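The chain contents come next:
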Amino acid sequence: PVTAERFRRDITEALEPLEIVMGKTKYVVVDDRDGHIPLVRNKQVDQFITYFTTVKGRKQFSIWMKRYMEYKDLILPILKEHEMPEELMILAMIESGLNPKAYSRANASGMWQFIYSTGKTYGLKRDWYIDERRDPIKSTHAACGYLKDLNEQFDNWYLALAAYNCGAGRVSRASKLHQTYDFWQMHSLPRETRNYVPYFLSAAIIARNPEAYDFKVPTNVKPFEYETINLEKSADISVLARVAGLKPKVLREYNPELRQSATPTEAGYPLKLPLGTKEHFLSAWNAIPEEERFAPQFVVHRVRFGESLWTISKKYNVS
């Protein structure tokens, strides 16, 4: 789960710092269509492209391309719904390797690597049962909202991406310090952030035309497609998987937001099942007694000063 962040950090440490060229920024435009993030090449971007096309980088990027094909039909329509550039899916790629369970040293989680406070601001819930930062659908909607706000603040996609990495405050201070909105001239930004945008651009340029860089686009990848059922009570994952004819690991892959071995207690939890399994699941689910369907139901009690197990048990009339 921490591979993507470590991979990005290793590249930053491995590359030789480039000499800073002050003055007008020089680059080659690769793609500058309306409604898209401009893709350009310069020495920094080319350095990352070279890394991705060597042995270690090629192996990692091939894994990312496989996940890109798995999730593109899920993520790209959400980006389109929010009128966001399709290149932003590459942001999730470099943040997490498109791994819903990715986790960083800064306690960021999910495909889009939200920290708890930012996730909460954009409507992602985290409690005992679920962490919606790991939900590919909900976290993508939240990321669109966050990136839209950053782009409205800076009116510049490169600065919005830099702010996604190090925070809007740092980017604003760097812009004032250097008296510019040109990302390439903001040399006071942290080294990781100065590498972040060229890292993104290199991945986006390769993903735009992978064959040109000798990458094979995987064609036998099973897309992430699902059906949902609403559970009125908490149910054990192992029971749900057995009824669906799946391994618990597969069911967890379709519901990566689940943190426990059971679904949440609130009514109407939408459990995701692989496409084509819903009908079989419902017939098998309705055939077993209700007492075998659901996990033991319970309430949560917050212990107060002076309480003991005996006083708590008396309160709830249990042994």
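Residues numbered from 1 in each chain as written. Predicted model: local features only at pLDDT ≥ 70, side-chain atom pairs only at ≥ 80, totals over all residues. Heavy atoms only, no water.

Q: Hey, could you run me through the side chain of Asp131 in this one?
A: Looking at where Asp131 falls in the secondary structure, it is placed in the loop between helix H5 (116–121) and helix H6 (136–154). A distance of 2.8 Å separates polar atoms of two side chains, one belonging to Asp131 and the other to Arg133. Once you skip the residues sitting within four places of it in the chain, Asp131 turns out to touch Ser109, Lys125, Arg126, Glu257 and Arg259. (Helix = DSSP H or I, 4+ residues; strand = E, 2+ residues; numbered from the N terminus. Polar contact = N/O pair within 3.5 Å; in protein donor to acceptor, adjacent residues only side chain to side chain. Contact = heavy atoms within 4.5 Å.)

Q: I would appreciate a short explanation of the pattern of salt bridges in the present structure.
A: Two side chains carrying opposite charge are able to pair once their charged atoms lie near each other. With the rule as written, the count across this model stands at ten salt bridges. In this structure, Arg133 and Asp131 form a salt bridge, with 2.8 Å as the shortest nitrogen-oxygen distance. With respect to burial, Arg133 and Asp131 carry one shared label: buried. Between Lys138 and Glu132 there is a salt bridge whose closest N-O contact spans 2.8 Å. (Salt bridge = Lys/Arg side-chain N within 4 Å of Asp/Glu carboxyl O. Buried < 20%, exposed > 50% of the residue type's maximum accessible area, 1.4 Å probe, protein only.)

Q: Please clarify how helix H7 (residues 157–166) should be interpreted in this entry.
A: Side chains that are three or four residues apart share a direction in an α-helix, a result of its 3.6 residues per turn. Buried residues dominate H7, accounting for nine of its ten residues. Turning to H7, its buried residues are Trp157, Tyr158, Leu159, Ala160, Leu161, Ala162, Ala163, Tyr164 and Cys166. Buried-residue contacts for H7 involve strand E2 (39–41), helix H4 (88–96), H6, helix H8 (168–178) and helix H9 (191–208). Of the residues that open H7, the one with a side-chain oxygen 2.9 Å from the backbone nitrogen of Tyr158 is Asn156. Looking one or two residues beyond H7, the residue adopting positive phi is Gly167, at roughly 105 degrees.

Q: How do you make sense of the packing of aromatic side chains when you look at a structure like this?
A: The geometry of an aromatic ring pair is captured by two quantities: the separation of the ring centres and the angle between the planes. In total, this model carries 15 aromatic pairs according to the counting rule given. Between Tyr158 and Trp184, the ring centres sit 6.1 Å apart and the planes meet at 85 degrees, which makes this aromatic pair edge-to-face. Pair noted here: Tyr158 is in helix H7 and Trp184 is in the loop between H8 and H9, with a separation of 26 residues, a long-range link. Both residues of the pair, Tyr158 and Trp184, belong to the buried class. Look at Phe224 and Tyr254: their rings are 5.0 Å apart centre to centre, the planes differ by 20 degrees, and that puts the pair in the stacked class. Of the two residues, Phe224 is situated in the loop between H9 and strand E3 (226–231) and Tyr254 in helix H11 (residues 248–254); the sequence distance between them amounts to 30 residues. For Tyr254, a relative accessible area of 9% corresponds to the buried category. (Phe/Tyr/Trp six-rings, centres within 6.5 Å; stacked < 30°, edge-to-face > 60°.)

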